[in-house]
Amino acid sequence: MAIKKYLKKAANLVSNQKNAVFRISPSIQEKYISGLREPKDNIDRSYLQYKCQMKLLGFKSVLVNVFSLPLLLLYYVKRNESFDIPKQSIDAVFLKMEKLQDVIPNNLKSEFKKILVFDGNGDRLSDVDREYLKTIARRYPLSWHFLFKCLLKIRIYSFIIHTYSPKAILVCGEYSFTSSVLTDYCNSIGVQHIDMMHGEKLFYIRDSFFKFNRCYVWDESYIKLFKYLRADPEQFRIGIPNSLVFKNKSIVKCIDYTYYLANEDKNTLCNIYKAMSWLHEKGKIVAIRPHPRYSNVPQIEAIFESFEIENIDMTLEESVLRTKNAIGLYTTVLTQAIHNGVNIIVDDISNVENYNRLKELKYGLLSDNKPLLSHELILLSSLE
C-alpha cells in the first residue's frame, strides 16, 4: 500500500502540471494529433493516447519511461494480495479512485440495480492476465511507462472481476491512456467497460483516441469535441447525472455573486479580488468558493479577508443554489449552475491570456455567448 501511495504522489507531481491545459498551444496539439496514424485496434488506441500524453509531458517523458522499468518488473512478479472478501455477484462496479459527486447517470442506475463502489484497494494477476500483458509488451517493448500503467490497471480490474463478477465496470477515466486497453481486456472476459463524464472538457490531447463500450457525456457539444480528439465515435451517449441537477430547490438566495476558484496564481487572485471588491462596493453580497483540491486556502484567506470564504464543508449544492450569479473561468461549477437555473458569468478580466486561450481550446461556454464579467461591471455602472 505504501508503494501505491508513493506512485500516486509521483504521478501527480509529474502529470498534474499547474494550468498545463493553458500552457500547451492548441495549434501544436492539433498538428501533432492530426499527424498520428489511424489506430489498428483498442490496444493501439491506448498507445496513441499515451503518445499524445508523452508529447504534452515533453522531456520528462524520457525520465518517466526509464523510472517505470524497475516498477514494471516489480509489479509483474508481485504476489497477489490476500483479501478476506467473499466472492459475490454484483451488477456493476464503480471504480472510484477519488472523491466525486454522484456522477452515475440515472439510466445506468436503472440498468444496473446493484452497483458497488470500489476504491481500488485490491489487485491480482492471473496467468491469463500475464499472457495478455505479454501480447502488449511484444508490440511496444520499449514503452515501459505504457506497459507499467497497463499492468497496474489490469491488476485492479482482474481483482474486481475475480471478486465481484460484474456485468460492467464503471469509471471516470477517459483521460487515462489505459482506458482502451482496459476495454479490450474487459470485453475479452465478457465484461462491459463504461465511462462517465465528470468534469469540464477542452480540446486537450490528453483525452484523445479513447474507446469504451459506452461513454456518457452531458450534451452533444462534448461528443463533437471528443470526435475531434479522435475518440471512437460510436461509443457516445448523453446522460445527465445527479451531480449536475440538484434536488434541494428550497435553499434561499442570499448571495448575489459567488466566485468559484480553480488553481489561479497570486496575480490572478489579486485581479479577481479587485473585480469582486468593485461588486462589493456597489452593495452586492459576494462569496468566494475555494477549489477543494487546487486552491491555496491560506493565500485566499489573506487576499479575500474582507469577503465571505465558503467552507468546503458547505456542499456545492448549497453553494450554487444560494447564489444568484456564479462566476468563474474554467470550472464544472458553471455547467452545474446552468442546469440548476443559476445565472453564470464568465470571467474575462482576471487572466485575459487564459480567457483567450479558452476560445482556441473550444470551450463550450464561450461559444454559447454567455455573459462576461466585464459586461456585468459595465452594466452595474450604467445603472448608477
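Just above, that's the structure.
Along each chain, residue indices are assigned from 1 in the same order as the chain's sequence is written. Only residues with pLDDT of 70 or above have their local features reported here, since the model is predicted, and side-chain atom pairs are shown and tallied only from 80 upward, although totals for entire chains, interfaces and linings are computed over all residues. Just so you know, side-chain values use all the structure's heavy atoms and leave hydrogens and water out.

(A) Geometry of the overall build of the protein chain. Counting its secondary structure elements, the protein chain contains 17 helices and 11 strands. Computation of the radius of gyration draws on C-alpha atoms alone. For the globule rule, the value is 2.2 Å times the number of residues to the power 0.38. Relative to the globule expectation of 21 Å for 384 residues, the C-alpha radius of gyration of the protein chain, 22 Å, shows essentially globular dimensions. Note on contacts: a residue pair qualifies if any of its non-hydrogen atoms lie within 4.5 Å across the two residues. Of the contacts made within the protein chain by residues no fewer than 6 positions apart, 71% connect residues no fewer than 24 positions apart. Per-residue and other accessible areas follow the Shrake-Rupley method at a 1.4 Å probe size, with only the shown protein chains counted as cover for residues. Accessible surface for the protein chain amounts to roughly 18,400 Å². Of this, 55% is attributable to carbon and sulfur atoms. Where the 53 positive side-chain charges of the protein chain centre and where its 42 negative ones centre are 6 Å apart. What counts as a helix is a DSSP run of H or I of at least four residues, what counts as a strand is a run of E of at least two, and both are numbered from the N terminus. Within this scheme the basic residues Lys and Arg register as positive and the acidic residues Asp and Glu register as negative, but His and the chain ends are omitted. Taken as the charge location is NZ of Lys, CZ of Arg, CG of Asp or CD of Glu.

(B) Helix 3 (residues 26-34), seen in detail. Between buried and exposed lies partly exposed: a residue is buried under 20% and exposed over 50% of the maximum accessible area for its type, with that area taken using a 1.4 Å probe on protein chains only. Within helix 3, burial applies to Pro 26, Gln 29 and Ile 33. For helix 3, the angular spread of the buried residues around the axis is 60°, confining them to a single face. Summarising the geometry of helix 3, the exposed residues directed more than 90 degrees from the buried face are Lys 31 and Ser 34. Residues of helix 3 that are buried in the fold lie against helix 4 (42-57) and helix 15 (352-360). What the arc covers is the set of directions going from the helix axis to the C-beta atoms.

(C) Seen up close, the sheet that holds strand 9 (residues 308-309). When DSSP finds at least two bridges between two strands, those strands are taken to pair. Pairing in this open sheet of five strands is parallel, and the strands run 9-8-7-10-11 from one edge to the other. Each having just a single partner strand, strand 9 and strand 11 (343-346) make up the two edges of the open sheet. On the sheet, helix 11 (residues 266-281) packs against strand 7 (255-260), strand 8 (286-289) and strand 10 (323-328) and is oriented at approximately 155° with respect to strand 8. An axis is simply a line fitted to the C-alpha atoms; with a helix, the fit covers only the stretch in contact. Between two such axes, the angle follows the N-to-C directions and lies from 0 to 180 degrees.

(D) Seen up close, the sheet that holds strand 4 (residues 192-196). Pairing is parallel in the open sheet, where six strands are placed in the order 2-1-3-4-5-6. The sheet is open, and its two borders are formed by strand 2 (115-118) and strand 6 (236-238), each paired with just one other strand. Across the sheet, the mean angle from the axis of one strand to that of its neighbour is 25°, orientation sign disregarded. Bridge count between strand 1 (residues 92-95) and strand 2: four bridges; the pairing is parallel. Counterpart to Phe 94 in the pairing with strand 2 is Val 117. Contacting strand 5 (214-217) and strand 6, helix 10 (residues 220-228) crosses the sheet at an angle of about 165° to strand 6.

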